[in-house]
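If you want the building blocks of each chain, they are given just below.
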Amino acid sequence: MCLGIPGRIVAIADADALLATVDVSGVRRDVDVTCVAEPGAPLEDLLGRWTLVHVGFAMSLIDEDEAKATLAILAEIGEADAELAAFATEVE
Amino acid sequence: MTATPMTTPFHDRDTGQRLLARIGEKLHALGATERAPIRLMEVCGGHTHAIFRHGLAGVMPPGMEFLHGPGCPVCVLPMGRIDDCVAIAEDPRVILATFGDAMRVPGSRKSLLQAKADGADIRMVYSPLDALTLARRNPDREVVFFGLGFETTMPSTALTVLRAEREGIANFSLFCNHITITPTIKAVLDSPGMAVDGFIGPGHVSMVIGLRPYRFIAERYDRPLVVAGFEPLDVLQSVWMLLDQIGRGVALIENQYGRIVPEDGNPQAQAAIAEVFETRAFFEWRGLGSIDESGVAIRDRYARFDAERRFAVRSPTVADPDGCRCGDVLKGGIKPWQCGLFGGACTPETPVGALMVSSEGACAAHHQYGGLRKGAA
Ligand code: SF4
């Protein structure tokens, strides 16, 4: 919950609602991008960017190396599977 | 499972060894010894987890001790709030949506897991947005999201309330248990016999709030704080930065995690928090008692999304169980193994105190990685 997981913004799901599709290790989910969207700039600018996702919200933009490093750390401390499983959880 | 100190290429053993040697030199210059160590407190559960997982305490040169602070938001939830949450969940109109982490925290009657087994409609969700989805799909039910966490998760619940407002979703509300980091650190600093020489600052909380809110720690309490990343090398580098400050006789707020944490934090996240939440006069913590201005509540403007008003919760103060010493552990007064219940009555399978529930809690981390070995961390 507190560590978050890095993913790549692959599509704009709903520009008006500030939702974008993020891919985390092959799992996709719509994520709120309010906190990383540049005010006034088109949401498309975010396409292809890496972001740290906490509980369904993109909280910061990171570069690709940082994203890979963070994934490696999560794997190393045994949290990657839990974070990914949580990210993949669908509403019951 | 045993700790594996820095063995993978990613963790760069050489740099780690070099940093450890430099930490050793600093400690020596400071005259720190095993008996009179420098004590650094991490206030983020993610750091607690990383320190145990990588056995960092074990590889530290003598004279340096980690204190594990109150940085796990699940661990400090008081029993009274869990009781309230169970009571809300037992209302037959309600679907309670919660993060999985909160399910096993003991209440005075039962945990959410037990309440679910007893028939309450409790759904584990990944995101507060999933609670909104539940509300849309179940218009005849009341969907309540159990919101908890420090500033890292606070923007997500604030933005969810704003989204509910925008979409006019009337059957959604938030049971707000968010807490803020700086009053917590202040409570540690104000506790009698406080023995913390410096703080390893939380990485992702700081990504939201920035560095400014920590200034009082340096200015009023003369203690350094270094915001740190979660890699072992990040933690070691932060330890070195703290020792360097102590050696120079200064107390500054520094940022080791600049690649994620901007100086001013995240303005959009701060705006969402300020719009939806206001500071509570006080909030009750498990093990620490009441801390002034340490929690937030929903502003009047968004009262209709406030589960506390919709369900008239009681929030009774419930004493921690006999023999439980979570508060002393949280303040750095004792080590987990010094609690009489540790490993006996209190284990991760049957937690008595909340510090045994989450893997980010000091007692659970110690139990998992340190075993019963005294001084393992
Ligand atoms: S062993 Fe259990 S009761 Fe004792 S301090 Fe740790 S969590 Fe609390």
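Residues numbered from 1 in each chain as written. Chains lettered and ligands numbered in written order. Predicted model: local features only at pLDDT ≥ 70, side-chain atom pairs only at ≥ 80, totals over all residues. Heavy atoms only, no water.

K.L.:
Account for the sheet that holds strand β3 (residues 94–98) of chain B, naming residues and giving values.
P.N.:
Think of a sheet as strands paired side by side through backbone hydrogen bonds, with each pair either parallel or antiparallel. All names here are of chain B. Read across the open sheet, the 4 strands follow the order β4-β3-β5-β6; overall the sheet is parallel. Both edges of this open sheet fall to β4 (122–124) and β6 (172–178), since each of them pairs with a single strand only. Averaged over all neighbouring strand pairs, the angle between strand axes comes to 25°, with direction disregarded. With 4 bridges connecting them, β3 and strand β5 (residues 142–149) associate as parallel partners. Residue pairing for β5: Val94 is matched across the bridge by Glu142. Contacts from helix α4 (residues 79–90) reach β3, β4, β5 and β6, with the element oriented near 170° to β6. Of the strands in this sheet, β3, β4, β5 and β6 touch helix α6 (residues 128–137), which is tilted by about 175° from β5. (Pairing = 2+ DSSP bridges. Helix = DSSP H or I, 4+ residues; strand = E, 2+ residues; numbered from the N terminus. Axes fitted to C-alpha atoms, helices over the stretch in contact; angles between N-to-C directions. Contact = heavy atoms within 4.5 Å.)

K.L.:
Can you lay out the domain arrangement of chain B for me, pointing to particular residues and giving the numbers?
P.N.:
Where interface size is given, it is often the accessible area lost as the parts come together that is meant. All names here are of chain B. Assigned domains within chain B: domain 1 (40–52 + 70–323) and domain 2 (326–367). Distance from the C-alpha centre of domain 1 to the C-alpha centre of domain 2: 20 Å. Contacts between the two partners involve 22 residues from domain 1 and, on the opposite side, 21 residues from domain 2. Between domain 1 and domain 2 lies a buried interface of about 1800 Å² when both sides are counted; carbon and sulfur atoms form 68% of it. On the surface where domain 1 and domain 2 come into contact, there are 0 salt bridges. Ranked by residues supplied to the side of domain 1 that touches domain 2, first place goes to helix α2 (residues 45–53) with 5 residues. Of the residues in the side of domain 1 that touches domain 2, the class split is 11 nonpolar, 7 polar and 4 charged. (Domains from an automatic or database assignment. Buried area = accessible area lost by both parts, 1.4 Å probe. Salt bridge = Lys/Arg side-chain N within 4 Å of Asp/Glu carboxyl O. Nonpolar A, V, L, I, M, F, W, Y, C, P; charged D, E, K, R; others polar.)

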